[in-house]
Each structure stands twice: as structure tokens, then as C-alpha cells.
Amino acid sequence: MNLREKITLTKDKKLSIYFPAGYPKKDSALELIPRLEKSGIDFIELGMPFSDPMADGPTVQEASTIALNNGMNIEVLFEQVKQVRETSDLPIVLMGYFNPVLQFGIEKFAEFCKSTKIDGVLIPDLPIEVYIQKYKSIFEAAEVPLVFMVTPDVSAERLKLIDQQNSPFIYLVAKSNITGSNTLFGTEDIESNLKSFSERPIETPVVVGFGISDAASFQDATKHFSGGIIGSAFIKSLASESADTFIESLR
Amino acid sequence: MKYSPIADEHGFYGDFGGAFIPEMLRKNVEELKNAFLYYSSEPEFIAEFKALLADYVGRPTPLYYSKNLSEKLQAGIYLKREDLNHTGAHKVNNTIGQILLAKRMGKKRIIAETGAGQHGVATATVCALMGLECIVYMGAIDIERQKPNVGRMKMLGAEVRAAESGSKTLKDATNEAIRDWLANVDDTFYIIGSVVGPDPYPEMVAYFQSVISDEIKKQLLEKTGKENPDMVVACVGGGSNAAGAFYHFIDSDVQLIAAEAAGRGVDSGQSAATSVLGTIGVIHGSQTLLMQTKDGQIVEPYSISAGLDYPGIGPMHAHLIHSKRVQSIAITDNEALSAGLSFSRLEGIIPALETSHAIAALERLDIQGKTVVLNLSGRGDKDLSTYLKHL
Ligand SMILES: Cc1ncc(COP(=O)(O)O)c(C=O)c1O
């Protein structure tokens, strides 16, 4: 079963956790991913850290810097994923900025994704047009689906294009902001935007990210959709070693 | 090969450029591109732009035959006096253009990044003029080394916010400005200060700066009977003053020289010589030459000059340098300092430290008997404390 099927198989809201590989320790993912699987997380967004993350707030920036200082890079990340795969089936989506992927080599990256059974790749600063024109054939040959972000006001034409990419899910950013900021889910504005987006004709399941920080915002954010992604709030809980309590508090 | 300051429809100059931005900014960038394409050929917009450049900025700036320097270097050297613009550098040409666009697009809040503080001052100035809120991001290190400009921005009513991440310089100020824009997409206009960033910024900023070479052509014709010099020399941080000075000469046989900052030396590990040290990569929404590690992490640049302390270069320059249309020369801190100090005494003009890199380049070039235009991008008041330490 692929990730898209897993997301749509049952009606319960899927919970995904984002953290950068290499944080807080170089090998943390090896321990964190099985632990998150046990605590009932549905899939992981594993960050490929970048020195200049332009869409990220202080929490992810700092975690990325620490990860890089710990020696994390894409090569090491794939070795870790390979190791994790020996004991865990938790779906993994890789998320990171374009430049490190470009330098790693797009073909090599797609091959490594294939051999480590990566479930999806999200590159926020790679626009879908450039992807289709230059890189789609490479990812398709490796059978690695990409995930694309949308905002609620996305045009019908563009949404259709994104819906046609066979993605595991569409990543909905409820309100444009940097990661870790407080999106006012539940307020009239956001709620009406989300509701009307949920009525748009798409086949791909929708998962909401950016600004979800606790059980209440998770509930409000995912009301009309398949699931939600939590990043900064989880990363903060890692620093205070209360990650398990934090995950428990979400359900 | 034919060269042009105009990008293709997707914002590319050869392999360089484009708009590598998160989806959240796409609508803003598209709106801006449409506004630029529309207004850059609308007579009323152009008339207002030109009137402000004339009466508020003080254009045309003189093209001054630099007698003393010409004698010293045995060439015919003309100085394009962008230092005489209101606010003291070329940066204001661009901020006037962008603020007029912001007005027409109904934006209420203006943000900018700044390195040397010249772009910050130029942005704060036009915001005061138009009555718009202004927030300028500036690296914490640059706030320290360009204090006079911080004071000017505050006096003009702008809020200066320190960028504390990374190398705490221009790159990081740009990151913070982009983050601000992401958080305020509805009401905010981002005035970028150089020919960098996602399409349409590089082409748009070059267009607003093109007044420099437009004037050079006319002034040179008047003074020498010929429109074209043999050579144009300019310093390059992101590359906006160079783009303006090269613009109308790009499709010609005029030699174009870009002086970049070598910092403590190209191989010292403390440098900002992007065209030598850079490889193709993506920074601030644009594919360009970029100083990076083999893993694609951006290298912290270094230059004594805050305006040249940037690990990338505008995509148009990346293309022109890559295809050898533009020749780049890397100038060290010390070369720039001593060129700036001796030029001040030779000509009675104190140049910005950025500009001193271009002046130093003259000594390295074969210019004997040639007609050379040096783009004097800015004045050096902001750099006095640095110069005085080396006097
Ligand atoms: C006087 C002066 N010249 C040059 C520059 C470098 O910028 P650019 O390469 O965009 O002209 C700056 C930037 O702050 C500046 O203040």
C-alpha cells in the first residue's frame, strides 16, 4: 500500500511529524522514527537541513543549524533511512530546500529515494512548472512521487495541475507564514477559507501544515481534511525531552 | 552571441534566474511581474519616474572627466557620479521605481534588506516621501559597521530590525526580509535592493538602474563625439550599479568589467568573490552562481565592504560572466582601502568602500590610451570609521 492509499484507507485524521534529520543528535532519527511509529504517528516528514531556510521560523532554523553542525547531509540521511527501514515501516516523506538536492544530483537523489523506499518528496522552493519541465521524468522513472504545497486561494487551473501529479497528498498551507508561527485555526477567516477549499474538486487527499501546535489547533486545522503536520512544536518538545508527553497530548 | 539585459519569459538569462520560491509567495511575485510589465511601458508611470529622478534625486548625475586619475593611469577616465544622487548612491534610482509600483499596487507596508545601509536609506527615504510604513532588515554586523546609515534610516522614520542568524550580514538580512514577506503577503511590498531574488526582480531592478548607462551614452557623445567608451568598470555585490552601468552597452563591443570583493584573498576562506568561488546553485529564489559547500549549504561570505558581502550574484551577471561577456576581477580589502584613500586625495572625492573595489580594478586592467567609464556608485561618508583606521 502506498502512502496515498494509507491516508485515504481510514477516515481518522492522520498525524504527521516533521523534524530535521540530525537533530538534536546526528543519529536521532534512528531512535525517533521507531518511537514515533510506536506512539501512533501516521507518517514522518524528515527534513533535509539547509543553511538558509527561507520559509522557516527560529525553531526550525536553529534545529537545522544544529543538524548541519552535527554533520548531517543528504548522503548520511539516506544511510539512516536505510537503517530505519530494517525495523520500521513508517512512511517517510523527505522535505527540504532545492539547493542541497540539486548539488547532490537530481538523478542520484531520485535513485536513493527509490532504493530506500521514500514515500514522497517535498521541495518547497521548486515550483511545479520547473519540476514538470526539468525533473519530472527523472522522479517518475524512479517512481518517487512529489508533494506540492498550495494555499487556499490557488487558482483552479493550478490546483488541477497539482492534483494530476499522483502525489501522496497535497500540502495545504492555511495561511502564508513561516513555520512555527501561530495560525489562528478556528477563527472565522481561516475556517471559512479551509471550508471552501475542502469543497473544491480534487482527488488527492489534503494534509494541512504550518502553524499547528497542539491538540486544539490540530482538530481545527484537520476538520475538513485527511490530516495535519506538526513541526516546530514537536521540535521544541524534543529540546525539553518531553516528546512522548507531547505526542500523547495530541490525540 | 547576442546578449540582453532582458530575461526570457520565465525570468532566465541562459541557465540563470527563474523564480524558485515557495508557493505562498507565488501570487505576490506574479502580481509584481504583471505590474512591472504593464507600468514599465505606461507613459504616466514613466513620466512620474523620470520627474522624481530629475527633481528629487538630482539626475542626470555628472559624467566627470577625471583629470588627475587619467594622468596617473594614462587613460581617459570618466567618473559617473552616482555618489551625487540624493542619499549618496545609485540605490535610490531603484527605490523610486519600486515605490511607484508599490503605490499603484495599493501596498501599505514596505520591507527591504540592506547591507551597507545605502539601500535601506534609499528605501526609508522614498517611504517617507510617499507616507508608507518602512521596515528594513540589516545584519547585526552591518548595523555595527555602517552606523551612520542606521541613524539616517531611523531619522527618516524607518524601523531597522537586526538579522541575527548566519553571518549576520546581507544574506541573512535578505532571509529575514523574505520571511517577513511570507508572513505578510497581503499588504506588504518587498523592495529588493539589487539585481537578485526571484524573477521579476533582477530584470526590474536592472531596468530602473538603466538610467545610468542611458545618461552615460548621451554625456559621452557630448563630451567625446562618441556614445561608447572602450570600457565600463563597476563594483558588484548583487550587481545593481553594474547592471545599470552596463545595461545599454551589453549588446555592443564595449569591454565590461565587474569588480568583486576578494575579502582577505580569493583563497583565504574569507572572501565574497562569487564569480571565482561560486558554482551554479539557488539562493533567494534565483538560480545563479553561489558560494556553497559540496553539500549545497551556503558559505558565509566575507568582505570589509558590507555592500559586497554576499555569497551570490545577480543571474544576469552570472550569465554574462559565465559566457565571458563580462570580465570579473577580484579585489582584496587592502587593495580597495588603499585605492579609496589615494583616490580621495587625488580627486577630492571620498568613495564608498564598495566603489573603491572598482577604482582598485583600474590599476589591474590594461587601460592605457583607452576611454574608460568608472561607475562611482556611492559616497564614502558611511565608511569613514573604517577608512580612518587605515589612514
Ligand atoms: C555605494 C554602493 N555601491 C555598490 C553596492 C553594491 O550593490 P550592487 O552590486 O547592487 O550595486 C552598494 C550596496 O550596498 C553600495 O552601497
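Cut-offs used in this document
Residues numbered from 1 in each chain as written. Chains lettered and ligands numbered in written order. Predicted model: local features only at pLDDT ≥ 70, side-chain atom pairs only at ≥ 80, totals over all residues. Helix = DSSP H or I, 4+ residues; strand = E, 2+ residues; numbered from the N terminus. Rg over C-alpha atoms; globule rule 2.2 N^0.38 Å. Buried ≥ 20, exposed ≤ 12 C-beta atoms within 10 Å, placed from the backbone. Contact = placed C-beta atoms within 7 Å. Domains from an automatic or database assignment. Nonpolar A, V, L, I, M, F, W, Y, C, P; charged D, E, K, R; others polar. Near = placed C-beta within 6 Å. Pairing = 2+ DSSP bridges. Axes fitted to C-alpha atoms, helices over the stretch in contact; angles between N-to-C directions. Core = buried A, V, L, I, M, F, W, Y, C linked by C-beta atoms within 7 Å.

K.L.:
Could you give an account of the overall build of chain A, with specific residues and numbers?
P.N.:
Summing up its helical and strand segments, chain A has 12 helices and 8 strands in all. Against the compact-globule benchmark of 18 Å for 251 residues, chain A has a radius of gyration of 17 Å, which places it among compact chains. Seen along its three principal axes, the alpha-carbon backbone of chain A occupies a region of about 45 × 45 × 35 Å. Burial status across chain A gives 53% buried among its 251 residues. Sequence-distant contacts, at least 24 apart, represent 75% of the contacts inside chain A between residues at least 6 apart.

K.L.:
Kindly report on the domain arrangement of chain B, identifying the contributing residues and their values.
P.N.:
All names here are of chain B. You can read the domains of chain B as domain 1 (12-53 + 91-205) and domain 2 (58-89 + 210-389). On a C-alpha basis, the centres of domain 1 and domain 2 stand 21 Å from each other. At the level of elements, strand E2 (16-17), helix H4 (91-104), helix H5 (118-130), helix H6 (140-145), helix H7 (147-155), helix H8 (170-183) and helix H9 (201-209) are the ones that each hand at least two residues to the side of domain 1 that touches domain 2.

K.L.:
Any details on the interface of chain B and chain A? Residues and values, ideally.
P.N.:
Residue-level contacts link 25 residues of chain B with 28 residues of chain A. Secondary structure elements with two or more residues in the side of chain B that touches chain A: helix H1 (23-39), H8 and strand E11 (279-283) of chain B. Tallied by class, residues from the side of chain B that touches chain A come to 11 nonpolar, 8 polar and 6 charged.

K.L.:
Tell me about the site of the ligand, and please be specific about residues and values.
P.N.:
Residue and element names in this part refer to chain B. Not every one of the 21 residues close to the ligand is listed here, only the nearest: Gln 118, Gly 237, Ser 240, Gly 307 and Gly 378. Broken down by secondary-structure element, the contributors of at least two residues to the shell around the ligand are H5, helix H11 (240-246) and helix H15 (353-364). Counted by class, the shell around the ligand contains 7 nonpolar, 13 polar and 1 charged residues. When residues of the shell around the ligand are assigned to domains, at least three map to each of domain 1 (12-53 + 91-205) and domain 2 (58-89 + 210-389).

K.L.:
Hey, could you go over the sheet that holds strand E13 (residues 326-332) of chain B for me, with residue numbers and the actual values?
P.N.:
Residue and element names in this part refer to chain B. If you trace the 6 strands from one edge of the open sheet to the other, you get E3-E4-E14-E9-E10-E13, paired in mixed fashion. A single partner strand is all that each edge strand has here, and the edge strands are strand E3 (63-65) and E13. Each neighbouring strand pair of the sheet contributes to a mean axis angle of 25°, computed without reference to strand direction. Looking at chain direction, strand E9 (residues 231-235) and strand E14 (residues 371-376) are connected through 3 bridges and run parallel.

K.L.:
An account of the nonpolar core is requested, with residue identities and associated values reported.
P.N.:
Leu172(A), Val233(B) and Ala259(B) are the most contacted members of the largest nonpolar core, which has 212 residues in total. Each of domain 1 (12-53 + 91-205) and domain 2 (58-89 + 210-389) of chain B accounts for three or more of the residues forming this core. Val233(B) has contacts with Ile257(B), Ala259(B), Ala358(B), Ala361(B), Leu362(B), Val372(B), Leu374(B) and Asn375(B), leaving out every residue within four places of it along the chain.

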